[in-house]
Number of protein chains: 2
Amino acid sequence: MRGGIFIKTLALALFLIQFENVPLTAQNTAPAELTSPNGNMTMRFTTSAQGRPQYELTYKTRQVIKKSGLGFELKDENIALMEGFVVDKVETSSKDETWRPLWGEEDQIRNHYNELLVHLTQKNTDIKMSLRFRLFDDGLGFRYEFPQQEKLTYFVIKEEMTEFALTGDHTAHWIAGDYDTQEYDYTTSKLTEISSLIKGAISPNASQTPFSDTGVQTALMLKTSEGIYINLHEAALIDYACMHLNLDERSLVFRSWLTPDGNGDKGYMQAPRTSPWRTIIVSDDARDILRSRMTYNLNEPCKIADVSWIKPVKYVGVWWEMITGKSSWSYTNDFPSVQLGKTDYSKAKPNGTHGANNEKVKRYIDFASKHGFDGVLVEGWNIGWEDWFGHAKDYVFDFQTPYPDFDLKGLNKYAKKKKVKLIMHHETSGSTRNYERHLDDAFRLMKEYGYNAVKTGYVGPILPIGYHHYDQYTNNHYQYVIEKAASYQIMVNAHEAVRPTGIARTYPNLIGNESARGTEFQAFGGSKPNHVTILPFTRLIGGPMDYTPGVFEMDISKINPGNNSHCNSTLANQLALYVTMYSPLQMAADLPENYDRFPDAFQFIKDVAIDWQKSLYLEAEPGSYLTIARKAKNSNDWFVGNVNGEEVRNTKLSLDFLDAGKKYVATIYKDGKDAHYKTNPQSYEVSKKIVEKGEVIDLRSASGGGFAISIKVAGKKDLKM
Amino acid sequence: MRGGIFIKTLALALFLIQFENVPLTAQNTAPAELTSPNGNMTMRFTTSAQGRPQYELTYKTRQVIKKSGLGFELKDENIALMEGFVVDKVETSSKDETWRPLWGEEDQIRNHYNELLVHLTQKNTDIKMSLRFRLFDDGLGFRYEFPQQEKLTYFVIKEEMTEFALTGDHTAHWIAGDYDTQEYDYTTSKLTEISSLIKGAISPNASQTPFSDTGVQTALMLKTSEGIYINLHEAALIDYACMHLNLDERSLVFRSWLTPDGNGDKGYMQAPRTSPWRTIIVSDDARDILRSRMTYNLNEPCKIADVSWIKPVKYVGVWWEMITGKSSWSYTNDFPSVQLGKTDYSKAKPNGTHGANNEKVKRYIDFASKHGFDGVLVEGWNIGWEDWFGHAKDYVFDFQTPYPDFDLKGLNKYAKKKKVKLIMHHETSGSTRNYERHLDDAFRLMKEYGYNAVKTGYVGPILPIGYHHYDQYTNNHYQYVIEKAASYQIMVNAHEAVRPTGIARTYPNLIGNESARGTEFQAFGGSKPNHVTILPFTRLIGGPMDYTPGVFEMDISKINPGNNSHCNSTLANQLALYVTMYSPLQMAADLPENYDRFPDAFQFIKDVAIDWQKSLYLEAEPGSYLTIARKAKNSNDWFVGNVNGEEVRNTKLSLDFLDAGKKYVATIYKDGKDAHYKTNPQSYEVSKKIVEKGEVIDLRSASGGGFAISIKVAGKKDLKM
């Protein structure tokens, strides 16, 4: 099935397509139009009177992006790729293919678009630049392309000047633009309110560099007063700086704002090169934003030949007890500072709070084995944690030497016996050079002991000092680690790394990223109760998140009396996250003893699948609610999740997605009648019933609540219930 | 043989030494004095009225360094390690040991000093800082030490404020301070003339960042009007920024000026830590500056357990023909730019000028083998040279993939057959991260094919962009490469790396550095004819230089008609350099065909030793002349070299260093009567004569000339001459 070309161009543009070598004239600034396969989306390319390339976007006759300028300012002040461009040639094409992701929300993805490729020449410089637009039914992706040419090979970007000219003062779900953190709570406001709200929206972080009162991060979720949902992000961010958006409040134009490196430069380019794709997903139905696979489609196909070793992972970990402050990553309190290679741990007095000790890890292994988890993450296993943070230490970890109370060999052997894998942890403290220096040895060590996945971390300012978490240089580091890991058949779950942009299609060993405010913040003061109704529209657009759900004890002081934080979520909401926050990597974050207290609720975490044949987005409104049903891969099991914002809400869940004629057992985990994320988060009800296709279930979600349902084909035993 | 302690302190200081726990009082600011083993040098430590630590230095009753302040400004503006210090305790000790360098100007080195260790506390902060002074007969070394302590662990240096307060407007042999190049010609002037001459002293370089009109580099060679020679440098520069000196013209005080990193910071420190040593070598005899081994003595003993694989190397190379522009490093002119992994060299049209081709390399191997050289350096063997320079390319070389016309396996096999080793070349183009990423693979490749030495290069600005050739971060890179190479039993000859500071004592696989204006500049416009009379007093204080002498064809246009450069040196001067410019790594830089034209002169290069039992500094005046006699290790052969500045000069060379009763054959290579570095550089005379101890030979050195003599015990055949 191949889609046709739905190209509409004015007479001259058509002429240019047919006769490619037509000499440049003022006339070839005529607009070129492109329509999406189903006709809902239309984009138009023009050049301004000054020869600036421009695009605009329409959805079902409503303008979504007004005429918006394109181009670059360069460090070389003699060149600006902004104006004076004429169209050399316009090419069109279309594609309709279906590909199978290794893991994902469904087992096949359709990549269907019409394409417009505009070749430009800047008249006074003879510099050539192309713009490639791909128009899908769910949105527009476009990128800059610099062909091999005489007049421009190497150049340094001062700023990318891509505009997104909006049609009104839309509602936005935003976090402040920042070169070094993505871990802010979302604010929902009108665009023109950003500047007055941004100071309050910037909470303290281990590293942070906000840059503008009107600067926000992507993916940015917008909603117009007419009910059009617009998502702005990027795809295939490789060898380039991460893009932020900066708003001109008067014109309501967002302009790209790249992350600068330590020298203040925003991109070192060598033609032939392309930029990442800039993406605009649009619909009048919020669920379509979640359905969109545009971001993956704009990435390259898988580059890893043998992917047999890449598997989704459900795991527990020696982690939450450190996050809550009950345990420590460090082994001793003896050392005012550590110098690896000089500091002698063998004689140090254990502090008694070290989490990653043999006994504790064995208990986690036992727990994981008993309940069918694939892996056990252990943080704080390696020496150096006594002074790892905040000192710009170059040689901060060696990623190889365990603490005296962590038996690397013995624990891996024990885990293997229990059919569980330990998950490696490489916190870098932002010291990227040091990590790269140890990478091969660290990965070899992992292979030696049977680790096949690593969680990486970049807490604190990046080294080299002055560089940022999301600049081109550091993004190249993350990419280097992903590719190096692939060469060792190691899966990567990168924390504090740049937000993903669909590159897991190309490198599916990137099975997770943090890159947003995760569950840990529920132990650092809490996140907004509607946080998880926004993340799927923002952070998850680029790829899965290691959100680490599953908190059953919301009163953190019960874990660590010195920590008065509260997890702003009901227990049912926590369960629903395993469905609503898609990831091939799912943690059960809480302590084993808390799961032991609620074995009926814990059953959902044990049961829920982590890889899917298909996903149905039943209800969605960013900031308010989200209901998703997913069918497990190679199974007839369905799992449904609903997360709710602050307002109590009812769902009429129609089970019309089930197979006709089959009977299923639905196990429903829902908020108790008096449940509330703050006052009564542990109030929940579990019930079972036999259900069929078409049945409607009435469900009530509390404030900050939700529900989770597992639906399995009923066996004879079930039908006797 | 252990030296006594020649400590003189005033009464209270003595009291403090004896009773270490005496409480701090104003009185313990009493001066502490230290005298060198032979009594010639005296230093005095005091604190100023404001509690600033100070030192001063006297040589044979003449003050050399006036009272000079010590301390640091920190990035944390709340702390300045400048004033308010009181002396806690003064410790003294002495050492007299002899150690055997693996290679060097002599086969044993005496390390003999008296030491003063002053423990200080800053009263208002309770910060502890110590100053360790080591006073040798040839000078003073001192460093800062930060003990483990509560009040100061991690700190960032804004500037090191060490002063060198001079006693007059001395004559200085200086090059401009610069964060990215050391390749300037020396200027000889009064100190107060530096600021007016510096602009003219800064010649263009591939990377350069001068910072002050009165900033100069170390090692700095000074001469007072009374004829005292003073050399200022540093020792054991590890994990610290390289020090420059900045002059206050009115007070004639030099102050340390560290090289900043890309963030403008000058040092990330973690106690316990020491600074490098600051060194002041002093004598009223210029030859003592050359004799001094203080810089090595202040470095740590060898840290490489097995050093059997480290050997001095005499070599030729496919190099001068690229430097002169006769050949190219690049293989093709087809590519406007190269992207490694994408650019396909297999179909590229060879440019016909590529130096490192199989046929050429074989000829060099044949030549090396025929004339007894150990190695053949080949530059431009690996892909990437088409656009390697000036583009801040991150992935610029892979250090592993040869050009299509370079048979890595075959050539190494051929070299082995001919009992010669190929020398590896790793030009990094300043892209340090890329080099580190490939280092293991590149070194493994070397071992696979039998390479045991690498010449590294850092031409152009450093990556990460904004960082400098001599900052702490980049210095750590050079050190990382040295230590990594040692782990592969590979010797390193680092070009464009930070100037050496004696660390080859600790890591003797660092057999050479460039780190100054080398012979290549004779093909880039020429160097001053007296350049080589200065380098031994400056650049060579820290370690050997890969100066690449041996140019026989001074008219570069004879090699490449498009290059009108002239080598400002007579042929005899070029020969003398093998003696005067000590290095365990000596190249014969010129083309084989030029050596074939002068086989009698070439004989000296073939004969000269590269490792020594002892060295005698017969005559020396920086900028003017230098005569050195060296006895080869494990041999009775002597070699004498003289290099001369611009003024014609006569030497009465007394052979009183020879063994009594033996007859020797002296082969004398001297300037022809009409020789002149500019007008007649190839005029030379070779003569042989039988000589004995005590004999005096009259020799005349032309302008920019010199002489070289080999003196071998005569055999029967010789005595028939």
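Computed from a predicted structure; not experimentally measured.

**Q** What should I look at first to understand helix α6 (residues 358–371) of chain A in this one?
**A** Each full turn of the α-helix corresponds to 3.6 residues, which orients residues three or four apart in the same direction. Residue and element names in this part refer to chain A. Helix length check: α6 (14 residues) gives 20 Å between terminal C-alpha atoms against 20 Å at 1.5 Å per residue, within 8%. Along α6, the residues classified as buried are K360, V361, Y364, I365, F367, A368 and H371. Considered in projection along α6, the buried side chains sweep an arc of 160 degrees and stay on one side of the axis. Residues of α6 that are exposed and point over 90 degrees away from its buried face: E359 and K370. With its phi angle positive at about 80 degrees, G372 sits one or two positions after the end of α6.

**Q** Even after reading the chapter, I still don't get the interface of chain B and chain A, so can you show me in this structure?
**A** Size of an interface, as often reported, equals the accessible area lost when the parts are brought together. Contacts between the two partners involve 31 residues from chain B and, on the opposite side, 31 residues from chain A. It is B:Y154, B:R437 and B:Y473 that lose the most area in chain B upon contact with chain A, and together they represent 23% of the buried surface on that side. Here chain B is connected to chain A by 2 salt bridges. Measuring nitrogen to oxygen at the nearest pair gives 2.7 Å for the salt bridge that ties B:R437 to A:E436. Viewed at the interface, chain A and chain B are joined by 22 residue pairs in polar contact (both at pLDDT 80 or more).

**Q** Any chance you could explain the pairing of strand β18 (residues 229–235) of chain A here in plain terms?
**A** Regular strands place side chains that alternate from one sheet face to the opposite one. Residues and elements named next belong to chain A. Extensive coverage of β18 is indicated by the burial of 7 of its 7 residues. Residues Y229, N231, H233 and A235 of β18 are buried on one face, and the alternating residues I230, L232 and E234, pointing to the opposite face, are buried as well. In this sheet, β18 lies alongside strand β17 (residues 220–223) in antiparallel orientation, the contact comprising 4 bridges. By the bridge assignment for β18, L220 is matched with L232. Where β17 folds back on β18, the antiparallel hairpin that results is connected by 5 residues, among which G227 adopts a positive phi of roughly 90 degrees. Of the pairings in the sheet, the one linking β18 to strand β23 (residues 277–283) comprises 7 bridges and is antiparallel in character. Bridge pairing in β23 links N231 to I281.

**Q** Just to check I follow, could you spell out the packing of aromatic side chains for this structure?
**A** Any two aromatic rings considered together are summarised by their centre-to-centre distance and by the angle between their planes. All names here are of chain A. Scanning the model with the defined rule gives 81 aromatic pairs over all chains in all. With a centroid separation of 6.1 Å and an interplanar angle of 15 degrees, the aromatic rings of F367 and Y595 are classed as stacked. Taken as a pair, F367 in helix α6 and Y595 in helix α12 (residues 592–597) lie far apart in primary sequence, 228 residues in all. Comparing F367 with Y595, the two get one shared label, buried. Taken together, a centroid distance of 5.1 Å and an interplanar angle of 65 degrees make the contact between F604 and Y669 edge-to-face. Pair noted here: F604 is in helix α13 (residues 599–607) and Y669 is in strand β35 (residues 664–671), with a separation of 65 residues, a long-range link. Accessibility expressed as a relative area gives 0% for F604, which makes it buried. Take Y669: its relative accessible area is 2%, and that puts it in the buried class. In textbook terms, an aromatic cluster arises when at least three aromatic residues are bridged by ring pairs, as seen for W329, W385, W388, F389, F397, F399 and Y435. Its end group placed over the ring of Y414, K362 keeps NZ or CZ at 5.2 Å from the ring centre.

**Q** Would you take a moment to explain the sheet that holds strand β12 (residues 154–160) of chain A for this structure?
**A** Hydrogen bonds between backbone atoms are what pair the strands of a sheet, whose relative direction is either parallel or antiparallel. Across the sheet, 4 strands lie side by side as β7-β6-β12-β21 (chain A); this open sheet has antiparallel pairing. Looking along the sheet, the strands with just one partner apiece sit at the ends: β7 (80–81) and β21 (268–270) of chain A.

**Q** Mind showing me how you'd approach the relation of the copies chain B and chain A here?
**A** For these two chain copies, the linking operation is a rotation about an axis paired with a shift along it. When chain B is fitted onto chain A, the two copies agree to an RMSD of 0.0 Å after a turn of 180 degrees and an axial shift of 0.0 Å. Such values leave the two copies arranged in the relation of a two-fold axis. Minimal C-alpha distance to the rotation axis in chain B is attained by B:G262, lying at 3.3 Å. When the interface residues of chain B are mapped onto chain A, 100% of them again fall at the interface, so both copies present the same face.

**Q** I'm lost on the pairing of strand β5 (residues 62–69) of chain B in this one. Help?
**A** Residue and element names in this part refer to chain B. Taken together, the 5 bridges between strand β4 (residues 53–59) and β5 define a ladder with antiparallel strand orientation. Paired with Y55 across the bridge in β5 is S68. Between β4 and β5, which follow one another and run antiparallel, lie 2 residues, and K60 among them has a positive phi close to 50 degrees. By the bridge criterion, 2 bridges tie β5 to strand β13 (residues 163–166) in an arrangement that is antiparallel. Bridge pairing links K66 to A165 in β13.

**Q** Explanation requested: the environment of A:D546 in the structure shown.
**A** Residue and element names in this part refer to chain A. Here D546 is to be found in the loop between α10 (531–534) and α11 (571–580). With 30 residues separating them along the chain, D546 and A516 place their C-alpha atoms 9.4 Å apart. When neighbours within four sequence positions are excluded, D546 is seen to be in contact with Y315, N493, H495, N513 and L585. Polar side-chain contacts of D546 include one of 2.7 Å to the side chain of N493. A distance of 2.8 Å separates a polar atom in the side chain of D546 from a polar atom in the side chain of H495.

Parameters at a glance
Residues numbered from 1 in each chain as written. Chains lettered and ligands numbered in written order. Predicted model: local features only at pLDDT ≥ 70, side-chain atom pairs only at ≥ 80, totals over all residues. Heavy atoms only, no water. Helix = DSSP H or I, 4+ residues; strand = E, 2+ residues; numbered from the N terminus. Expected span 1.5 Å × (residues − 1). Buried < 20%, exposed > 50% of the residue type's maximum accessible area, 1.4 Å probe, protein only. Arc of directions from axis to C-beta. Contact = heavy atoms within 4.5 Å. Buried area = accessible area lost by both parts, 1.4 Å probe. Salt bridge = Lys/Arg side-chain N within 4 Å of Asp/Glu carboxyl O. Polar contact = N/O pair within 3.5 Å; in protein donor to acceptor, adjacent residues only side chain to side chain. Pairing = 2+ DSSP bridges. Phe/Tyr/Trp six-rings, centres within 6.5 Å; stacked < 30°, edge-to-face > 60°. Lys NZ or Arg CZ within 6 Å of the ring centre and 35° of its normal. Least-squares fit on C-alpha atoms with pLDDT ≥ 70 in both.

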